[in-house]
Amino acid sequence: MKYFSFFQTKKGIFSLIISGLFIWFLFCLPDPLFKTPTSTVLEDSEGKLLSARIATDGQWRFPLNTAVPAKFATCIMQFEDKQFFHHRGFDPFAFARAIVQNIKAKRVVSGGSTLSMQVIRLSRKGKQRTFFEKFIEVIMASRMEMSYSKLDILSLYASNAPFGSNVVGLDAASWRYFGREPNKLSWAESATLAVLPNAPSLIYPGKNQERLLKKRNRLLDQLKKANIIDDETCELSKQEPLPQKPHAIPQLAPHLLQRAAAEGYKGKRIRSTINAGIQERVNAIVENHHKLLRANEIHNAAAIVLDVNTGNVLAYIGNTSNEDKPEYEGDVDCANAPRSTGSILKPFLFAQMLNDGELLPATLIPDIPTQIAGYAPQNYNMSFDGAVPAKRALARSLNIPAVRMLQNYGTERFCFNLKKMGMSTLRFSPDHYGLSIILGGAEGKLWDICGMYASMARTLNHYTTYGGKYSPADIHAPRYMQMEEETNDERSNTALLDAASIYLTFEAMVEVSRPDEEAGWKYFTSANKVAWKTGTSFGFRDGWAVGVTSKYVVGVWTGNADGEGRPGLTGIQTAAPLLFNIFSVLKPGKWFNTPYDEMEKIPLCRQSGSRASDICEPIDTVWIQKAGLRTEPCKYHRLIHLDESGNYRVNSSCEDVSKMKHVSWFVLPPAIEWYYKSKNVNYKELPPLREDCEATGLNAMEIIYPKQFSKIYVPVEIDGKMGKTVFQVAHRKASKVIYWHLDGAFIGSTQSNHQLDIAPDEGEHILTLVDEDGESLIQKFEIVSKRK
C-alpha cells in the first residue's frame, strides 16, 4: 500500500513536470522572435531602395524582408542545411555527421545546426555555445517549425544573419557589399554572402580575402555538383572579384526618410509613393541649380513633385546636400519648414473671389497709392498703373491690387478657406495677420502649398471625370505613403471652389511672364502649358515657384535655412528657373478641360472687365463662372452730354437738350485716372465743361494722400521739429491751379504736379482744396508723433 502511494506520488510529480514542460514548449517562443532595433528604410513605389538610416544600436539591420531571392536561398541551403525542407527543425543525420567531423578534426569544425536552429540562436543573443544551449535550440527550433512556414524561417534567417562588421541581414549586406538589391545578385555574389554568416567576425570583405575566396568557390563547386549551375556559370562566377570597400547606402530621399522616422515610422520599411526615376532626375537638377545659387550665397533649396489625381508625392527633395558645409544646415527639411510665403497665396484669393461671385477675371482693380490703417503696401516695381484687370494683376503679381482685393473679400474669410484647403501653419487669428497675409505676412510650408494647388487641380480634373460632381475627398494633403484608394467617395454639386473658378484662375496664371534668360524656356513654355506663380518674401529671404498642369504640381523653394536674405533672391530669379527645369523632365499632358457646364457666356465691357451695362461699348462676349453673374455691372461707363461740336461737355443750364450729343464715356475716378492715363495711351479724358455751364456731376479732384480721417505718424527731426509730409492730389485737368488751405489758412498753390510738402502740428486738421473753377474738396486727418 505504501509502495502504491509512493508510486502514485511519483507519477503525479512526473505528470506535473511533463505538463510544465509541455506548457513551456508551447510558449517558449518569444513574440516577436527578434527584438533588436532595425534601420529605417525608405523604398519607392516599386520597392526600390531610396534611403536608409542605421539602427539605434549602430548596426545596418534592415526590417524583416519576407522575399528571399532564389539564388541566395539555394546557396544558403546548399552551404548550411541541404535538408532544410525535409526536417522539422532538427536534422539528426547532420548532427551526427558534425560530431564525427569534430572528433576527426579534434576541434569544432561543424555545429550541425539547421537553419531553424540558427534562427533560434540568433534570436537568443549572448547565450554560450554549450551542449545544453544546443539542446534548447533543438526544442525551440522544433516548436518554431510548428508556427512558422519554411519560407518564414528562411526570411528570418536572411534578415538577421550577421555578415561582418556592423552589417546584419541580407538586404543590408547586399547594398553594403555590392551596391544593389538582393534579387539582382549574381551566383558568385549570392555564394559570397551565403558563406559569410558562418564566421562573420573572422571573414568579411576586405579582410582574409583568400579564405573568403576559397569558401565561395567551394560553394560554387557544390552548386555545380548538385546540377544547380552549369560548368560555364561556375567558372565565370569564380572569375568575379570579391567585394572590397563597403558601398554607401543610397540616400536619394534623406529628408523624406527623416520625416517618416519622425512621424512614427522609425525602424520600419516604408513603401512610399516616390518614383525613383523622377526622384533621381530632380535631385540632379536641384544640385546643378544649387551650384548657381551658391554664387550668390544662397545655400538651400527644396522641391516637391506631386501627381495631381492622387496627391502622391513623386519626388521629395527637402534640401541641398551641403555635405562639406554643415553650417549651411543641409539636414534641415526645408520642404516641410514654415517660411514666409511672399505672393504665393494670391491665386487662392483670386479663385475664392471668383467662386463667391465677387470678381470677374478682367474686373478692374485700383492700383494707386494706398494706405489702410497705417499699412501702405507697395508694388515690387514701386510704380502705379491706376487700375489693372484682376487677372493681369495676378499675372504680374502686383501687390496693391491684391491688398485691395483682400480688403474687399475679408481676411477672416480668406484665412478660413486657406485652412480648409490644407494650410496648416495659420496658428493665429486673422487679425494677427491682417492684410499683409497676401504679401507674405504668414508662414507656409512648401508641402502645404503644393498640396493646396494639387487639390485645386484635382477638383478640376475630377469634375470632368465624374460628370460634373464634386467630393470633399478631393481636397487633401499630399501623400508619401502608399494607401488604398478610397471607395466611399460621395459626390455632390457643391465644392469649396467650383471648377470654373479654378479653371479661370489657372488660365490667369498661365499668363505669368516666364524667365527669359534662355531661349529654351521660351520653347518649353510655348510647347507645354503651365499655370505657375512665384513669390518673394520681405527682405529677399525666400524665393517660391509653384507650377500646375493637369498631371503634375511642382513646387520649389530657394533661400537660406537660417533666414539670411540675399540681393536677387526672388521667386522669378532663383526658383522659377528650377521649376521649369523640373517640368522639362516630366511627361507633358494635355491642358485642363474647360468646365462649360459651370460657366456662362455673357457680354463683357472690354474696358472695365465688368458685366456690360446698357451703355457699355465696346463689348466682348466671354465665358465666365456662373457665380460671376452676381457681380455688379460696369460702373465706369457714363452717359455724358456734348455740344454740337463734340468738344465740350454741356448740361441743361447752358445748352438746349435738342442740340446735345449723348455719348457713352469710360470715366475713371480722378486718382485712378491720374495714373491710368499714363499707362494707357488710348484712354480718353473727359472733354472740358463749357465755360458758360454750371458744374454738376463728376468730381474733378480726388485726394490721393491722405485719405479721409487718416492718422499720419510723422517722425520728429534731430532739431526737435516735426518732419514734413507729402500731400498729393489728382485733378482731371492737371493744368488747373489748385489752392491749398490748412485749417482755413492759405498755404500754397500747385499746377500740373499737385504735390505739396506740409508740416502740420500734432493733432486734428482740416485740409481744403479749391481749384480755379471754384470746385472744392475737404478732408480731415490727424498728425501723430512721439516726441523725445
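From a predicted model like this one, the values you see are computed outputs, not experimental measurements.

I'm lost on the overall build of the protein chain in this one. Help?
Regarding its fold elements, the protein chain presents 22 helices and 26 strands. Seen along its three principal axes, the alpha-carbon backbone of the protein chain occupies a region of about 140 × 70 × 65 Å. Looking at the protein chain residue by residue over its 788 residues, the buried ones come to 51%. A total accessible area of about 38300 Å² is found for the protein chain, and carbon and sulfur atoms account for 52% of it. Distance from the positive charge centre (93 side chains) to the negative charge centre (85 side chains) of the protein chain: 12 Å.

So what exactly am I meant to see when it comes to the nonpolar core here?
Side chains of nonpolar character tend, in soluble globular proteins, to be buried together. Judged by nonpolar contacts, the single largest core of 80 residues is most densely connected at Phe348, Phe414, Leu418, Ile437, Tyr453, Phe506 and Val553. The dominant element in this core, judged by the number of residues it contributes, is helix H18 (residues 446–465), at 11 residues. Once residues lying within four places of it in the same chain are set aside, the contact partners of Ile437 are Thr341, Leu345, Leu406, Thr411, Phe414, Cys415, Leu418, Leu426 and Ala442.

Mind showing me how you'd approach helix H2 (residues 70–80) here?
Those residues of H2 lying buried are Phe72, Ala73, Cys75, Ile76, Met77, Gln78 and Glu80. Residues of H2 that are buried make contact with helix H4 (115–123), helix H6 (150–160), helix H7 (170–178), helix H8 (187–195) and helix H9 (209–225).

What is the right way to look at the state of the cysteines in this model?
Where two cysteines share a covalent bond between their sulfur atoms, that bond is called a disulfide. In total, this model carries 1 disulfide according to the counting rule given. At a sulfur-sulfur separation of 1.6 Å, the disulfide partner of Cys654 is Cys693. On the S-S bond that ties Cys654 to Cys693, the torsion sits near 80°, and the link is right-handed. Highlighted residues: Cys654 in the loop between strand E17 (637–642) and strand E18 (661–666) and Cys693 in the loop between helix H22 (670–679) and strand E19 (701–705), separated in sequence by 39 residues. Across the pair, exposure class does not vary: Cys654 and Cys693 are buried alike. You can see Cys75 has no disulfide; the closest cysteine sulfur is in Cys234, sitting 11 Å from it. Lacking any disulfide linkage, Cys334 is separated from the closest cysteine sulfur, that of Cys450, by 14 Å.

Is there a simple way to explain the side chain of Thr40 in this structure?
Along the chain, the position of Thr40 falls in strand E1 (residues 40–43). Here the side chain of Thr40 touches Gly267 through a polar contact of 2.8 Å, landing on its backbone nitrogen. Leave out the neighbours within four places in its chain, and Thr40 touches Ser51, Ala52, Arg53, Leu257, Ala261, Tyr265, Lys266, Gly267, Lys268 and Ile270.

Hey, could you run me through the sheet that holds strand E14 (residues 552–559) in this one?
Working definition: the strands of a sheet are paired by backbone hydrogen bonds and lie parallel or antiparallel to each other. Strand order in this open sheet of 5 strands is E7-E6-E14-E13-E12, and the pairing throughout is antiparallel. Single-partner strands in this sheet number two, and they are strand E7 (313–317) and strand E12 (531–536). Between one strand and the next, the sheet's axes are offset by a mean angle of 5°, whatever the strand orientation. When strand E13 (residues 542–548) meets E14, the two strands line up antiparallel, connected through 7 bridges. Residue Gly547 lies in a different strand from E14, and its bridge partner there is Val554. Across the sheet, helix H12 (residues 276–294) lies against strand E6 (300–307), E7 and E14, angled at about 30° from E7, the strand it touches most. Those strands touched by helix H19 (residues 499–510) are E12 and E13, and its axis lies near 70° from that of E12.

Can you help me understand the environment of Leu579 in this one?
Following the sequence through the fold, Leu579 ends up in helix H21 (residues 571–583). Note: C-alpha distance between Leu579 and Asn336 (243 residues apart in sequence) is 18 Å. Discounting chain neighbours no more than four positions away, the residues touching Leu579 are Trp532, Ala545, Val546, Gly547, Val554 and Val556.

Help me understand the environment of Tyr148, please; the structure alone is not making it clear to me.
Along the chain, Tyr148 turns up in the loop between helix H5 (131–147) and H6. Relative accessible area serves as the criterion here: at 24%, Tyr148 is assigned to the partly exposed category. Spatially, the C-alpha atom of Tyr148 lies 54 Å from that of Thr341, the residues being 193 residues apart in sequence. When neighbours within four sequence positions are excluded, Tyr148 is seen to be in contact with Leu29, Leu33, Ile153 and Leu156.

Even after reading the chapter, I still don't get the pattern of salt bridges, so can you show me in this structure?
Close approach of charged atoms allows side chains of opposite charge to pair. What the rule picks out here adds up to 25 salt bridges. For the salt bridge of Lys238 with Asp221, the shortest nitrogen-to-oxygen distance reads 2.6 Å. Of this pair, Lys238 sits in helix H10 (residues 231–239) while Asp221 sits in helix H9, placing them 17 residues apart in sequence. Note on Lys238: relative accessible area 22%, which makes it partly exposed. Residue classification places Asp221 among the partly exposed residues on the basis of a relative accessible area of 29%. For Asp542, the salt bridge is made with Arg339, and the minimal N-O distance between the two is 2.7 Å.

What should I look at first to understand the side chain of Asn461 in this one?
The residue Asn461 is located in helix H18 in this model. Excluding residues within four positions of it along the chain, Asn461 makes contact with Val308, Asn309, Ser550 and Phe592.

Looking at this structure, how should I read the packing of aromatic side chains?
Scanning the model with the defined rule gives 17 aromatic pairs in all. An angle of 50° between the planes, with centres 4.6 Å apart, marks the rings of Phe348 and Tyr453 as tilted. In this pair, Phe348 sits in helix H13 (residues 346–355) while Tyr453 sits in helix H18, placing the two residues 105 residues apart along the sequence. For the pair shown, Phe348 and Tyr453 are each scored as buried. Clustering of aromatic rings is evident, with ring pairs tying together Tyr636, Phe666, Tyr676 and Tyr683. Over the aromatic face of Phe84 sits the side chain of Lys150, whose NZ or CZ is 4.6 Å from the ring centroid. It is Arg413 that lies over the ring of Tyr409; its NZ or CZ is 3.8 Å from the centre.

Explain unusual backbone geometry here, please?
Excluding glycine, a negative phi dihedral is what most residues carry, and trans is how most peptide bonds are arranged. Each neighbour pair has its own omega, and for Glu617 with Pro618 the value is -5°, a cis peptide bond. Inspection of the secondary structure puts Pro618 in the loop between strand E15 (599–605) and strand E16 (619–625). Here the residue pair Tyr705 and Pro706 is connected by a cis peptide bond, since its omega of 0° sits within 30 degrees of zero. Secondary-structure assignment places Pro706 in the loop between E19 and strand E20 (710–713). At Met382, a residue that is not glycine, the phi angle is positive and equals roughly 60°. Residue placement: Met382 occurs in the loop between strand E9 (364–367) and strand E10 (386–389). Residue Met382 is classed as exposed on the basis of its relative accessible area, which comes to 55%.

In this structure, what is going on with the sheet that holds E1? I would like to understand it.
Taken in spatial order, the 3 strands line up as E2-E1-E5 in an open sheet, and their pairing is mixed. Strands at the two margins of the open sheet, each flanked by one partner only, are strand E2 (49–53) and strand E5 (269–271). Ignoring strand direction, the axes of neighbouring strands in this sheet form an average angle of 15°. Sheet analysis places E1 next to E2, joined by 4 bridges and oriented antiparallel. Of the residues in E2, the one forming a bridge with Glu43 is Leu49.

Just to check I follow, could you spell out the packing of H9 against H10 for this structure?
The description of two helices packed together rests on the angle between their axes and the distance between the axes. Interaxial distance between H9 and H10 falls to 9 Å at its minimum, and their mutual angle equals 175°. Of the possible angle classes, the one that applies to H9 and H10 is roughly antiparallel. Contacts from Arg216, Asn217, Leu220, Asp221 and Lys224 in H9 reach Asp231, Cys234, Ser237 and Lys238 in H10. For the contact of H9 with H10, the residue count by class is 2 nonpolar, 2 polar and 5 charged.

Cut-offs applied
Residues numbered from 1 in each chain as written. Predicted model: local features only at pLDDT ≥ 70, side-chain atom pairs only at ≥ 80, totals over all residues. Heavy atoms only, no water. Helix = DSSP H or I, 4+ residues; strand = E, 2+ residues; numbered from the N terminus. Buried < 20%, exposed > 50% of the residue type's maximum accessible area, 1.4 Å probe, protein only. Areas by Shrake-Rupley, 256 points an atom, 1.4 Å probe, with all protein chains shown as cover. Lys, Arg positive; Asp, Glu negative; His and termini not counted. Charge placed at Lys NZ, Arg CZ, Asp CG, Glu CD. Core = buried A, V, L, I, M, F, W, Y, C linked by side-chain atoms within 4.5 Å. Contact = heavy atoms within 4.5 Å. Disulfide = S-S within 2.5 Å. Polar contact = N/O pair within 3.5 Å; in protein donor to acceptor, adjacent residues only side chain to side chain. Pairing = 2+ DSSP bridges. Axes fitted to C-alpha atoms, helices over the stretch in contact; angles between N-to-C directions. Salt bridge = Lys/Arg side-chain N within 4 Å of Asp/Glu carboxyl O. Phe/Tyr/Trp six-rings, centres within 6.5 Å; stacked < 30°, edge-to-face > 60°. Lys NZ or Arg CZ within 6 Å of the ring centre and 35° of its normal. Parallel < 35°, antiparallel > 145°, perpendicular 65-115°, else oblique. Nonpolar A, V, L, I, M, F, W, Y, C, P; charged D, E, K, R; others polar.

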